[in-house]
Amino acid sequence: MIEKLLPAPIATAESFADDPVEEMFPEEFALVAQAVDKRQREFGTVRNCARRALATFGIAPAPVLPGPGRAPRWPDGIVGTMTHCTGYRGAAVARATDLRSLGMDAEPHAPLGDPGILPLVTLPEERAQLAQLAAHQPEICWERLVFSAKESVYKAWYPLTGRWLGFEEARLTLDPTDATFTAQLLVPGPLVDGHRLDTFTGRWLIGSGLVMTAVTVAPVRA
């Protein structure tokens, strides 16, 4: 699925089953040594996905450790993103000369469940759009989709800013005609190649019981 959402020159890898815990690097296992087995296996598997993606660029296997804000630390000259949810692990990486940042999120294609979550992660105008979309295409879990899209926006935002971005600080507009979305930042955006970025754009994909979203930030050419 992932290569449909993030084609070349982005390198991707995904897994629908977990690898043995023993395949983790010791430095990685130390971070989850006290966690339950499920957490250990998902932590290691998604990093194995990242290593397979990095191998596309000739990068030798190495630990993928968290940096500031717990975002992954990537090799010099590489940007990347990882995601995991029930039954899925995935990673995507690119050369920093091709992309300045990217973010990806996978979620079960199912309702959010707790009705109290939606007001916490959406703005009133977003909820109005979700109601319209649900009336026309009720087979799509639009609430889960907008949640995932905002997660992808944050993952693309953080490496550029080093700052938190709240759910209420970006206004999402979904376009069902081409499975894309636009996030209008409601706070000052990051500088990318000397230009202020006010919006993030992304794509989504639904299949295999999952909703997947991704945001890419391209270089600003003079």
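Scroll up a little and you will see the structure.
Computed from a predicted model, the values in this text were never measured in an experiment.

How each quantity is defined
Residues numbered from 1 in each chain as written. Predicted model: local features only at pLDDT ≥ 70, side-chain atom pairs only at ≥ 80, totals over all residues. Heavy atoms only, no water. Buried < 20%, exposed > 50% of the residue type's maximum accessible area, 1.4 Å probe, protein only. Helix = DSSP H or I, 4+ residues; strand = E, 2+ residues; numbered from the N terminus. Pairing = 2+ DSSP bridges. 1 Å grid on protein atoms, 1.4 Å probe; cavity = no way out; pocket = protein on both sides within 12 Å on 5 of 7 lines; lining within 4 Å. Points joined across faces, edges and corners; volume = space filled by probe spheres on them. Nonpolar A, V, L, I, M, F, W, Y, C, P; charged D, E, K, R; others polar. Core = buried A, V, L, I, M, F, W, Y, C linked by side-chain atoms within 4.5 Å. Phe/Tyr/Trp six-rings, centres within 6.5 Å; stacked < 30°, edge-to-face > 60°.

Attention shifts here to the pairing of strand S5 (residues 170-175). Burial along S5 is one-sided: Ala170, Leu172 and Leu174 are buried, and none of Arg171, Thr173 and Asp175, which face the opposite way, are. By the bridge criterion, six bridges tie S5 to strand S6 (residues 180-185) in an arrangement that is antiparallel. Paired with Asp175 across the bridge in S6 is Thr180. Counted between consecutive antiparallel strands, the loop separating S5 from S6 contains four residues, among which Ala179 sits at a positive phi close to 55°.

To continue, consider the layout of surface pockets. Approximately 900 Å³ is the volume attributed to the largest pocket. Forming the boundary of the largest pocket are 37 residues, of which Arg70, Ala71, Pro72, Tyr154 and Lys155 lie nearest the centre. Broken down by secondary-structure element, the contributors of at least two residues to the lining of the largest pocket are helix H3 (37-55), strand S2 (78-85), strand S4 (101-108) and helix H6 (142-161). Taken together, the residues that form the lining of the largest pocket break down as 19 nonpolar, nine polar and nine charged.

Counting 30 residues, the largest nonpolar core has Trp142, Val153, Leu172, Leu174, Phe181 and Phe200 as its most contacted members. Where this core is concerned, the elements lending two or more residues are helix H4 (118-121), helix H5 (124-136), H6, S5, S6, strand S9 (199-207) and strand S10 (210-217). Of the residues forming this core, the biggest block, ten residues, is contributed by H6. Ranked by size, the runner-up nonpolar core spans 17 residues in total, among them Ile2, Ile10, Ala94 and Met104.

This structure, assessed with the given rule, holds five aromatic pairs. Relative to Phe167, the ring of Phe147 lies with its centre 5.7 Å away and its plane at 25°, an arrangement referred to as stacked. Highlighted residues: Phe147 in helix H6 and Phe167 in the loop between H6 and S5, separated in sequence by 20 residues. Look at Phe167 and you get partly exposed, because its relative accessible area is 22%.

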